[in-house]
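Breakdown of the fold
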Amino acid sequence: MDSSVECRGMATGGNCSGRGIGRSTFSRLEFVIAVIVPAIVFAGYSYIAGQDSNWDLMNYHLYIPFRSFHKGLGNDFFPAQIQTYLPPFVQIPYYVLYSILPPIPLGMLFGAIHGMNASVVYAIARLQFAHHGRQTSVLLALIATVIGASASVFVSEVGTSFPDILVSLLVMLSLLLGLRGFVVGSRKSRALLLASGFVMGCSTGLRYTDVVFLLAFVGASCVFWPKGGKRFYRLMAMYAVGSIVGFLTTFAPWGALLEARFGNPFFPFLNGVFQSPYAQLANWRDQRWVLHSLEDVVLYPVRLALGAANVTTEVYVRDPRYLCLTVGIFLAIAGAGARGLAFSARSPSAGQIGTGAFKSQRGSLFLVTYVSMSYFLWLALFAYGRYAIPVELLSGVALLLIIDFFVKGRIPKILAALVLCIALLLLGRAASWGRIEWGAPITEIDTTSFSQMARADAMYVVGAGAEPISYVVLGFPTSARFIRLDGNQLGFVSARFDGEICQALSQHKGPIYYLELVRIAAREGYAPVRDTARLARFGVRPSDRMAFQFSTRMHGFNVYEASFGDCR
């Protein structure tokens, strides 16, 4: 059964020869396979990889949704360091299921959910290659999906608590809806663009760094429809309205709380703009991966392909996809320029150059431009691998479309795609953010007397350096309070916080304890580091009398009785 393809001109609404964004006919079997197979594959991979124990999971992925359900925003001070005040909504699904399911089904379930990214990538690829006929389209879509879904950072997050791989599913869905919205009937087009913008806005509200993909969609649209006429502007207006509504839906509730508490709805970010008295007047962001020179930009994909240390993440990654994508993009630009590429909304068939999908006008070039803009915007703003998972996922589609541009003939196209896929599979290496053998949940405390010793009316002053330990808060009574005087928030927050911490300590009516990290399972010979000067500044005096001890699979703690004097 041949695929059916429908295309209508953007400006005129009439028929056109463009098939780069088509409407392919999916059989029920193909649809089921495209959904079920990735779910099974990635659920199985999650089981083989082991139980998630990543740094962020222990630092804030569990604590901030737990606080949202059981504590007020001002109850604790920095148990999860500066990440204490990140938006909680994107972590709530994992936290809720973590509270219900044992570790193995939890990891496998999220592996299956994360595998849905591959399902959407396959749907996008089928649209792009629909003009080749069913068999070739399916084969090329499968190869493109394998290339994208085997990318190093994407694979490293499968079955984990990281939100990047969850919100990437929203980015993929938004793109799929947007691609379909540009070519179906007018009423559906408006609805699809509205839905696309809404999903993208929701994603951006959940994870601010996804603004890169929103901007890339708008930018790619404007590049290919610079004279799009009233119809184009109406569609983009629908996308804008959907984006704003979606963003406010996921951002506004938390932003309102932050505004009321700190005077900055994005706290701790953009404080140079909102100037909250609780933080330094600077637009803070992670500077570890920012590229500072043209040389850095040029060598970035080369270093990533060679597996140089600390190129794009805290853990080792080797992935040649970005190098292939960079070379392919510039080759496509050069090839298009050499052949006199020109688009006009009034002449949808203009610029029929190259072969395959590129011969058919906007669809494929739009997607390659979208991926290119996403990639270079991300590179300019962040260059942190976890924020570029949608680029990884779409890399296979973009690379195969570029091959489609240059290579003539069905068999040569398929052979080139297979060679590329095999090379990338062999040369790439996925990172590990921390996995342990399947066993008890990391929050389980293995001290039998803990529930009797941990008092509900106590305040615990935490000493753990920069180690991620806020997950242990889940084991304490919800009314217990936690204050962390050390951590990565130092040097960023202002004296306003110090004053509130002193006030909380001085007004506390119950006992005060000093909770000290004394053992890290992954680090033999760990010795606790007690910041006595900072403790003295806040009038906290730990005694030598130990109240109790407890441990988890990841850490061990001693809890000492403490007293409070005057803050300095």
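Residues numbered from 1 in each chain as written. Predicted model: local features only at pLDDT ≥ 70, side-chain atom pairs only at ≥ 80, totals over all residues. Heavy atoms only, no water.

**Examining the side chain of Gln 81**
Definition in use: Only DSSP runs of H or I covering at least 4 residues are called helices, and only runs of E covering at least 2 are called strands; the numbering of each starts at the N terminus. Type-normalised accessible area, obtained with a 1.4 Å probe on protein chains alone, sets the label of each residue: buried when under 20%, exposed when over 50%, and partly exposed for intermediate values.
With respect to the helices and strands, Gln 81 occurs in the loop between helix 3 (63–70) and helix 4 (92–100). According to the relative accessible area criterion, Gln 81 is buried, its value standing at 0%.

**Re the layout of surface pockets**
Quick reminder of the rule: For each structure, a 1 Å grid was placed over the protein atoms alone; sets of points admitting a 1.4 Å probe that cannot get out are labelled cavities, open sets with protein on both sides within 12 Å along at least five of seven lines are labelled pockets, and lining residues have an atom within 4 Å of a point. Grid points are joined across faces, edges and corners, and a volume is the space filled by probe spheres set on the points.
In this structure, the second largest pocket spans a volume of roughly 340 Å³. Around the second largest pocket, the lining is made up of 18 residues, and of these Ile 33, Val 37, Pro 38, Leu 142 and Thr 145 lie nearest the centre. Looking at the lining of the second largest pocket, the elements that each hand over two or more residues are helix 1 (28–49), helix 5 (103–128) and helix 6 (134–149). No other element matches helix 1, which puts eight residues into the lining of the second largest pocket.

**Some words on the sheet that holds strand 4 (residues 481–484)**
Formally: Pairing between strands is defined by DSSP: at least two bridges between the two strands are required. Axes, fitted as lines to C-alpha atoms, cover a helix only where it is in contact. Angles between the N-to-C directions of the axes lie from 0 to 180 degrees.
Pairing within the open sheet is mixed, and its five strands lie in the order 4-3-5-7-6. At either end of the open sheet lies a strand with only one pairing partner, and these are strand 4 and strand 6 (540–551). Across this sheet, the average inter-strand angle for adjacent strands is 30°, counted without regard to direction. As paired elements, strand 5 (residues 512–520) and strand 7 (residues 555–564) share eight bridges and run antiparallel to each other. Looking across to strand 7, one finds that Glu 516 is bridged to Asn 558.

**Some remarks on the state of the cysteines**
The condition that has to hold: Note on terminology: pairs of cysteine sulfur atoms within 2.5 Å are recorded as disulfides.
A complete count under the given rule lists one disulfide for this structure. Across the disulfide from Cys 502 sits Cys 567; the S-S distance is 2.1 Å. On the S-S bond that ties Cys 502 to Cys 567, the torsion sits near -115°, and the link is left-handed. Here the residue Cys 502 occupies a position in helix 19 (residues 495–507), and Cys 567 occupies one in the segment after strand 7, the gap between them amounting to 65 residues.

**Considering the pairing of strand 3 (residues 459–463)**
With five of five residues buried, strand 3 is to be regarded as a mostly interior element. Here strand 3 runs beside strand 5; their pairing, made up of five bridges, is parallel. Its bridge partner being in strand 5, Met 459 is matched across the sheet by Ile 512.

**With respect to a positive patch on the surface**
What counts, and what does not: Each patch is built from salt-bridge-free residues with over 30% relative accessible area, joining like charges within 9 Å and nonpolar side chains (Val, Leu, Ile, Met, Phe, Trp, Tyr) within 5 Å. Under the convention used here, a 1.4 Å probe and the Shrake-Rupley method define accessible areas, while residue burial counts only the protein chains that appear. By definition here, a salt bridge exists when the distance from a side-chain nitrogen of Lys or Arg to a carboxyl oxygen of Asp or Glu is within 4 Å. For the charge count, each Lys or Arg is scored as positive and each Asp or Glu as negative, with His and the chain ends excluded. To locate a charge, take NZ of a lysine, CZ of an arginine, CG of an aspartate or CD of a glutamate.
Among the surface-exposed residues, Arg 187, Arg 190, Lys 230 and Arg 234 lie close enough to one another that they form a single positively charged patch. Breaking the positive patch down by element, the ones donating at least two residues are helix 9 (186–206) and helix 11 (229–262). Position of Arg 234 relative to the elements: it lies in helix 11.

**Quick notes on helix 11**
To be explicit about the condition: At any given residue, the bend is defined as the angle formed between two axes, one fitted to the seven residues that end at that position and one fitted to the seven that begin there.
The largest bend in helix 11 amounts to roughly 50° and is located at Phe 251, with the proline Pro 253 lying one to four residues further along. After helix 11 finishes, the residue Gly 263 shows a positive phi value of roughly 80°.

**Structural notes on the packing of aromatic side chains**
Working definition: an aromatic ring pair is given by the centre-to-centre distance plus the angle between the planes. Applicable threshold: Any Phe, Tyr or Trp ring, taking Trp's six-membered ring, that has another such ring centre within 6.5 Å forms a pair; planes under 30 degrees apart are called stacked, those over 60 apart edge-to-face, and the others tilted.
All told, the structure shown has 50 aromatic pairs when counted by the stated rule. Each ring, one from Phe 69 and one from Tyr 95, has its centre 5.8 Å from the other, and the planes form 20°; the classification is stacked. Highlighted residues: Phe 69 in helix 3 and Tyr 95 in helix 4, separated in sequence by 26 residues. Taking the centre distance of 5.1 Å and the plane angle of 85° together, the rings of Phe 476 and Phe 482 count as edge-to-face. Accessibility expressed as a relative area gives 4% for Phe 476, which makes it buried.

**A look at the packing of helix 16 (residues 389–406) against helix 17 (residues 410–427)**
The test is simple: With the far helix as reference, a near helix turned anticlockwise by less than a right angle produces a left-handed crossing, and one turned clockwise produces a right-handed crossing. What makes two residues a contact is simply this: any of their non-hydrogen atoms within 4.5 Å. In this count, Pro and Cys sit with the nonpolar residues alongside Ala, Val, Leu, Ile, Met, Phe, Trp and Tyr, while Asp, Glu, Lys and Arg are called charged and the others, Gly among them, polar.
Between helix 16 and helix 17, the shortest axis-to-axis distance is 10 Å and the interhelical angle comes to 145°. Viewed along their axes, helix 16 and helix 17 form a crossing whose handedness is right-handed. Contact residues: Leu 399, Leu 400, Ile 403 and Asp 404 in helix 16; Lys 413, Ala 416, Ala 417, Leu 420 and Leu 424 in helix 17. Of the residues in the contact of helix 16 with helix 17, the class split is seven nonpolar, no polar and two charged.

**What about helix 6?**
Note the threshold: By this rule, a helix spans an expected 1.5 Å times one less than how many residues it contains.
Compared with the 22 Å implied by 1.5 Å per residue over 16 residues, the 22 Å span of helix 6 between its first and last C-alpha is a close match. Among the residues making up helix 6, those that are buried are Arg 134, Thr 136, Ser 137, Leu 140, Ala 141, Ile 143, Ala 144, Thr 145, Ile 147, Gly 148 and Ala 149.

**A look at the side chain of Thr 84**
Going by this rule: Here a polar contact means two N or O atoms within 3.5 Å. Within protein one must be a hydrogen donor candidate and the other an acceptor candidate, and residues neighboring in sequence count only if both atoms are side-chain atoms.
Along the chain, the position of Thr 84 falls in the loop between helix 3 and helix 4. Separated by 3.0 Å, the side chain of Thr 84 and the backbone nitrogen of Ala 80 make a polar contact. In this structure the side chain of Thr 84 is engaged in a polar contact, spanning 2.7 Å, whose partner is the backbone oxygen of Gln 81. Discounting chain neighbours no more than four positions away, the residues touching Thr 84 are Tyr 63, Ile 64, Arg 67, Phe 78 and Pro 79.

**Section: the pattern of salt bridges**
Considering all chains together, one arrives at 19 salt bridges under this definition. For Arg 537, the salt bridge is made with Asp 498, and the minimal N-O distance between the two is 2.7 Å. Of the two residues, Arg 537 is situated in helix 20 (residues 532–537) and Asp 498 in helix 19; the sequence distance between them amounts to 39 residues. Residue classification places Arg 537 among the partly exposed positions, given a relative accessible area of 36%.

**Focus on the confidence of the model for the protein**
Caution applies to low-pLDDT parts of the model: their predicted coordinates are not meant to be read in detail. For clarity, the cut-off: A score from 0 to 100, pLDDT tells how confident the predictor is in each residue.
Averaged over every residue, the pLDDT of the protein is 88; the share at 70 or more is 90%. Note on residues 341–361: pLDDT under 50 across the span, and 62 contacts to partners over four residues away in sequence or across chains.

**Focus: the environment of Phe 267**
When you line up the elements, Phe 267 lands in the loop between helix 11 and helix 12 (271–274). On a C-alpha basis, the gap between Phe 267 and Asn 283 in space is 9.9 Å, while along the polypeptide they are 16 residues apart.

**A closer look at the nonpolar core**
Definition in use: Note on terminology: a nonpolar core comprises buried Ala, Val, Leu, Ile, Met, Phe, Trp, Tyr and Cys residues joined through side-chain atoms within 4.5 Å.
Residues Phe 154, Phe 182, Tyr 370, Trp 378 and Leu 400 are the most contacted members of the largest nonpolar core, which totals 87 residues. Considering each element in turn, this core owes the most residues, eleven residues, to helix 16. Setting aside anything within four residues of it in sequence, one finds Trp 378 in contact with Val 212, Tyr 300, Thr 312, Tyr 322, Ala 383, Tyr 384, Gly 385, Tyr 387 and Ala 388. By size, the runner-up hydrophobic cluster in this structure holds 40 residues, among which are Ala 454, Leu 515, Phe 550 and Val 559.

**Focus: the packing of helix 10 (residues 211–224) against helix 11**
In plain terms, the rule: An angle below 35 degrees is read as roughly parallel, one above 145 as roughly antiparallel, one from 65 to 115 as roughly perpendicular, and any other as oblique.
The geometry of helix 10 relative to helix 11 is characterised by a closest axis approach of 12 Å and an angle of 175° between their N-to-C directions. One finds that helix 10 runs roughly antiparallel with respect to helix 11. Where helix 10 approaches helix 11, its residues Leu 214, Phe 217, Val 218, Ser 221 and Cys 222 are matched on the opposing element by Phe 232, Met 236, Tyr 239 and Ser 243. Tallied by class, residues from the contact of helix 10 with helix 11 come to seven nonpolar, two polar and no charged.

**Quick word on unusual backbone geometry**
In this model, Phe 267 is joined to Pro 268 through a cis peptide bond whose omega is 10°. Along the chain, Pro 268 falls in the loop between helix 11 and helix 12. Unlike most non-glycine residues, Phe 78 shows phi in positive territory, near 60°. Considering the arrangement of structural elements, one finds Phe 78 in the loop between helix 3 and helix 4. Residue Phe 78 is classed as buried on the basis of its relative accessible area of 2%. For Ala 383, which is not glycine, the phi dihedral falls at a positive 60°. Along the polypeptide, Ala 383 turns up in the loop between helix 15 (362–381) and helix 16. The class for Ala 383 is buried, based on a relative accessible area of 0%.

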